[in-house]
Amino acid sequence: PKDALFAEMALSRAAGFTSLDLRLSSQAKAGYPLAENDWERWAEQIGLEAQRLGLDFPQAHAFIYRTSESTDMTLDRPWYEERIRRSIRVAGMLNIPWIVIHPADFCFDISYDFEKNRSFNLSYWAPFVDLAIQCGVGIAFENLYPSGRLPQRYCSDYQELIDLADSFNTDHVGICWDTGHAAVAGQDQPAALRAIGSRLKALHIHDNHQRAKGDEHLIPYLGTLNWDKILHALGEIGYDRTFSFEIKQGSAMMPPEMTENMLLFIHRLGLYMMDQIRSYAERSALLCG
């Protein structure tokens, strides 16, 4: 697992990427480095390799519960929570400013109870927010989409996500906007992004066909999302942080020999989309002026 991550970092750098999202969520599974005793040494090695390659990590993704696990108290909670704490500590060790966390939810309840979900999250995540502040890291809560038996899931609505972030009353808590999750949840993404505004600290950019539970993680423009409106909204709010793809299907089905070519294309696509954001930002500035 460690060597695979190193190879991915080298391939990404060769394709032109200079910033990566450190996916600690995948590195904390059983048998992976963050779940082993020498996890701090592994983190140091990642930092050294990133420095050697000329890469940085503006954001990371913490270990997360699966939908059915986030409020299941019959699980080994101490071990789950230890891996979340390790994720935050690694972000601090590597000077990663923002780490993404999924809100918890009671999506398998008989009916949706907003106050129950809100109260649990404010209480549950408070110690993790305190730890993040101690480590010099910010927590960006990510928007979700309905995936249980209820038509509503906590923080699949952007107004709930804003409320959660604001309720901690600290600059160390913000929002990660996942375009694929928002599409499956049927959110008005331009309206959501304008409402989120400066709370937006991280992005997960990917496409899908907006089908229920259809989080496909496609390359942008290969699904049905309206990218012109999304990029326009990002420009309007002056978003100037990392433009991070979360494209699980970007090269998974490609022959290994084509991986580098696919990454080169994705990098060029990212540059194009960032140019669109800057262009919209400049137009908005002129209109405001």
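In what follows, the structure referred to is the one given above.
Model, not experiment: these values are computed from the prediction. (Residues numbered from 1 in each chain as written. Predicted model: local features only at pLDDT ≥ 70, side-chain atom pairs only at ≥ 80, totals over all residues. Heavy atoms only, no water.)

Trainee: Explain the environment of Gly238 to me, using residue names and the numbers behind them.
Mentor: Tracing the sequence through the fold places Gly238 in the loop between α9 (227-236) and α10 (259-288). Separated by 43 residues in the primary sequence, Gly238 and Ala281 have C-alpha atoms spaced 6.0 Å apart. (Helix = DSSP H or I, 4+ residues; strand = E, 2+ residues; numbered from the N terminus.)

Trainee: Help me get a handle on the sheet that holds strand β6 (residues 200-204), residues and values and all.
Mentor: As summarised here, the arrangement of the six strands in space is β1-β2-β3-β4-β5-β6, forming an open sheet in which the pairing is parallel. The two strands at the open ends of the sheet, each matched to only one other strand, are β1 (19-23) and β6. Averaged over all pairs of adjacent strands, the angle between their axes in this sheet comes to 30°, without regard to strand direction. Its contacts with the sheet put helix α4 (residues 77-93) on β1, β3 (98-101) and β4 (138-142), and the angle it makes with β3 is roughly 160°. (Pairing = 2+ DSSP bridges. Axes fitted to C-alpha atoms, helices over the stretch in contact; angles between N-to-C directions. Contact = heavy atoms within 4.5 Å.)

Trainee: Residue-level account of the layout of surface pockets, with values.
Mentor: In this model, the second largest pocket occupies a volume close to 170 Å³. What lines the second largest pocket is a set of 13 residues, and nearest its centre among them are Gln187, Gln189, Pro190, Gln210 and Asn226. Counting residues per element, the ones that place at least two in the lining of the second largest pocket are α7 (179-184), α8 (189-196) and α9. (1 Å grid on protein atoms, 1.4 Å probe; cavity = no way out; pocket = protein on both sides within 12 Å on 5 of 7 lines; lining within 4 Å. Points joined across faces, edges and corners; volume = space filled by probe spheres on them.)

Trainee: Provide a residue-level description of the environment of Pro103, including the pertinent values.
Mentor: Along the chain, Pro103 falls in the loop between β3 and α5 (114-135). Each C-alpha atom, one on Pro103 and one on Glu81, is 14 Å from the other, the two residues being 22 residues apart in sequence. Discounting chain neighbours no more than four positions away, the residues touching Pro103 are Asn121, Trp125, Phe141, Glu142, Leu144, Tyr154, Cys155 and Leu164.

Trainee: Residue-level account of the side chain of Gln189, with values.
Mentor: Inspection of the secondary structure puts Gln189 in helix α8. Looking at Gln189, the relative accessible area reads 6%, which means it is buried. Leave out the neighbours within four places in its chain, and Gln189 touches Trp177, Thr179, Ala182, Ala183, Leu225 and Ile230. (Buried < 20%, exposed > 50% of the residue type's maximum accessible area, 1.4 Å probe, protein only.)

Trainee: Can you explain the state of the cysteines? Please cite residues and give values.
Mentor: Tallied over the full model, the rule gives zero disulfides. With no disulfide of its own, Cys107 lies closest to Cys155 among cysteine sulfurs, the gap being 13 Å. The buried category is assigned to Cys107, whose relative accessible area is 3%. (Disulfide = S-S within 2.5 Å.)

Trainee: Give a description of the pairing of strand β5 (residues 173-178) that names residues and reports values.
Mentor: Taking burial as the measure, the six residues of β5 include six buried ones, the bulk of the element. A crossover links β4 with its parallel partner β5, the connecting element being helix α6 (residues 158-167), and its sense is right-handed. Both β5 and β6 contribute to a ladder of four bridges, which runs parallel. Bridging across to β6, Asp178 finds its partner in His204. (Right-handed = clockwise from strand over helix to strand, strands pointing away.)

Trainee: Quick one: what's the story with the nonpolar core, residue by residue and with numbers?
Mentor: Soluble globular proteins tend to pack their nonpolar side chains together in the buried interior. If you look at the biggest cluster of nonpolar residues, it comprises 80 residues, and the most contacted ones within it are Met9, Leu22, Trp177 and Leu234. In this structure Met9 touches Leu20, Ile46, Glu49, Ala50, Leu53, Leu55 and Phe57, once residues within four positions along its chain are discounted. (Core = buried A, V, L, I, M, F, W, Y, C linked by side-chain atoms within 4.5 Å.)

Trainee: With reference to specific residues and values, describe the pattern of salt bridges.
Mentor: A side chain with one charge can pair with a side chain of the opposite charge if their charged atoms come near. Inspection of every chain in the model, using the stated rule, returns 11 salt bridges. Here Arg23 and Glu246 are joined by a salt bridge, their closest N and O atoms 2.8 Å apart. A residue pair is termed long-range when its members are at least 10 positions apart, and Arg23 in strand β1 and Glu246 in the loop between α9 and α10 qualify at 223 residues. Judged by its relative accessible area of 25%, Arg23 is partly exposed. (Salt bridge = Lys/Arg side-chain N within 4 Å of Asp/Glu carboxyl O.)

Trainee: How would you explain the environment of Asp240 if you had to name every residue and give the values?
Mentor: Relative to the elements of secondary structure, Asp240 occurs in the loop between α9 and α10. Through-space distance from the C-alpha of Asp240 to that of Met274 is 9.1 Å; in sequence the pair is 34 residues apart.

Trainee: Describe unusual backbone geometry, and please don't skip the residues or the numbers.
Mentor: Unusually for a residue other than glycine, Asn95 sits at a positive phi of about 55°. Non-glycine residue Gln210 carries a positive phi angle of around 60°. Locating Gln210 in the fold gives a position in the loop between β6 and α9.

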